[in-house]
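Chains, contacts and geometry: an overview
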Amino acid sequence: LNMIRQMLGEHYLVMSLCFEGDGDAPYQSEETFSQYFNELLVDELKYATQKEKLSDWNPQPISSMKELSSIIEEMCEKAGTPILLLIDEVDASKQ
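Residues numbered from 1 in each chain as written. Predicted model: local features only at pLDDT ≥ 70, side-chain atom pairs only at ≥ 80, totals over all residues. Heavy atoms only, no water.

**Some thoughts on the packing of aromatic side chains**
Two aromatic rings, taken as a pair, are described by how far apart their centres are and by the angle between their planes. Using the following cut-off: By convention, a stacked pair of Phe, Tyr or Trp rings (six-membered ring in the case of Trp) has centres within 6.5 Å and planes under 30 degrees apart, an edge-to-face pair has planes over 60 apart, and any other such pair is tilted.
With the rule as written, the count across this model stands at seven aromatic pairs. One aromatic cluster in this structure is built from Phe-19, Tyr-27, Phe-33, Tyr-36 and Phe-37.

Written out as C-alpha cells, the structure is:
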C-alpha cells in the first residue's frame, strides 16, 4: 500500500485506512461504524498527499451511512483532485 501511495500520490489525494486492531465496538451499529469511519477519514487527512484544498475541511458529526456518504461526496468535491481511498484489513471484523 505504501508503494501505491508513493506512485500515485503526485496525481491523487491518497488516503489509507486500516481496520486492524480496533476491536468490535466500531461495528456494533450503523451509527458507531459511521462515526468511526468518519474519524478515520479526518485522522488520515492529516497525512494525505495533495491535501491543501481540504486543509480547512472539518465534517460535522454523523450518525448514519447516508450521512457518511454525503461527507465523502463533500470531501471529493472540495478536494478538486481525484481521491484514492485505500482500505486495509477490512476483514478484520468478523461481523
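Right, picking up where we left off after that structure.
**Details of the packing of helix 2 (residues 30–45) against helix 3 (residues 65–79)**
Spelled out, the test is: Each axis is a line fitted through C-alpha atoms, taken for helices only over the stretch in contact, and angles between the N-to-C directions span 0 to 180 degrees. Segments assigned H or I by DSSP are reported as helices when at least four residues long, segments assigned E as strands when at least two residues long, and all are numbered from the N terminus. Working definition: roughly parallel below 35 degrees, roughly antiparallel above 145 degrees, roughly perpendicular at 65 to 115 degrees, and oblique for all remaining angles. Handedness of each helix crossing follows the sense of rotation of the near helix against the far helix: counterclockwise by less than a right angle gives left-handed, clockwise gives right-handed. In this description, contact between two residues means that some pair of their heavy atoms is separated by no more than 4.5 Å.
Taken N-terminus to C-terminus, the directions of helix 2 and helix 3 make an angle of 20°; their axes are 9 Å apart at the nearest point. On the basis of the axis angle, helix 2 is roughly parallel to helix 3. Helix-helix and strand crossings are classified by hand; for helix 2 and helix 3 the assignment is left-handed. Counted together, Glu-30, Phe-33, Ser-34, Phe-37, Asn-38 and Leu-41 of helix 2 and Met-65, Lys-66, Leu-68, Ile-71, Ile-72 and Met-75 of helix 3 form the full contact between these two elements.

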